[in-house]
Amino acid sequence: MDSQYSYPLTITNYFASSVHLKEMLESIIEDTVELCIKNKSVVDFIPPIVYSRQGSAYNIDYNYLVHCIAWKVGDQTIETDFSMSEGVDAERYKRAEFLVCGILEGFFGLVQINSNKIDMSKYKNARSLEIKKRHFHVVCIQKGANLKRFSAVPINSLKLRKLISLEFLEALNLISDDASFKQVAFGDHQYAGYLFTNGLSEVEYVY
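We now turn to the structure provided with this report. (Residues numbered from 1 in each chain as written. Predicted model: local features only at pLDDT ≥ 70, side-chain atom pairs only at ≥ 80, totals over all residues. Heavy atoms only, no water.)

### Brief notes about the layout of surface pockets
Consideration 1: In this structure, the largest pocket occupies an estimated 610 Å³ of space.
Consideration 2: Surrounding the largest pocket, 24 residues form its lining, Met84, Tyr93, Arg134, His135 and Phe136 being those nearest its centre.
Consideration 3: Elements supplying a minimum of two residues to the lining of the largest pocket: α2 (62–73), α4 (90–107), β4 (146–156) and α7 (187–197).
Consideration 4: Broken down by element, the lining of the largest pocket gets its largest block of residues, four residues, from α4.
Consideration 5: Looking at the lining of the largest pocket, its residues break down into ten nonpolar, five polar and nine charged.
Consideration 6: Estimated volume of the second largest pocket: approximately 240 Å³.
Consideration 7: Considering the residues around the second largest pocket, the lining is formed by 14 residues, among which Asp31, Leu35, Lys38, Tyr64 and His67 are closest to the centre. (1 Å grid on protein atoms, 1.4 Å probe; cavity = no way out; pocket = protein on both sides within 12 Å on 5 of 7 lines; lining within 4 Å. Points joined across faces, edges and corners; volume = space filled by probe spheres on them. Helix = DSSP H or I, 4+ residues; strand = E, 2+ residues; numbered from the N terminus. Nonpolar A, V, L, I, M, F, W, Y, C, P; charged D, E, K, R; others polar.)

Shown next as structure tokens:
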């Protein structure tokens, strides 16, 4: 991956083919395994990729995804251009949407987060309807006393298995598919309800 990163849209250089995507995904898994090794002494550690048995998807935190891409490419400008936080400008949202919805979901079909089928019967009185694309779901994962919030990008498990080598898949499953991980909230509504019920203002991000 030696194409130079010069402005946000050139991120497509690193996803030019399924071979490029495979290299990127395996690099992300390597980084995550190293992160877990570094934190092996941390009680109830939750990695930034957690497998969801309900959704048959590997939920990776969006900002962690961007961080790993930046390190793989060797240019931390990518984190500046694509990472999300409270109060970021509209352009940053467009870039995040382009990366997740345009490249990973639209082009490769690796991510499944936006529905292509909308039931219009419940919008009979609406003159126009704008369906906004999402580039993540809010997900809260608990392990023991540890609780973390994900801006979760769901990677389809079947598609991933066809892309990456078996050794990387097995390594990913060892760190992400843990019966002690408990999903306590999914989506904005459940997250708000969880905060209210437990008297919390926010849950700390996993990354």
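### Describing the packing of helix α1 (residues 18–38) against α2
Consideration 1: For the pair α1 and α2, the least separation of the axes is 10 Å and the interaxial angle reads 110 degrees. Taken together, the axes of α1 and α2 are roughly perpendicular relative to one another. Where α1 abuts α2, its residues Glu23, Met24, Ser27, Ile28, Asp31, Thr32 and Leu35 lie against Tyr64, Leu65, Cys68, Ile69, Lys72 and Val73.
Consideration 2: Along the lines of polarity and charge, the residues of the contact of α1 with α2 split into eight nonpolar, two polar and three charged. (Axes fitted to C-alpha atoms, helices over the stretch in contact; angles between N-to-C directions. Parallel < 35°, antiparallel > 145°, perpendicular 65-115°, else oblique. Contact = heavy atoms within 4.5 Å.)

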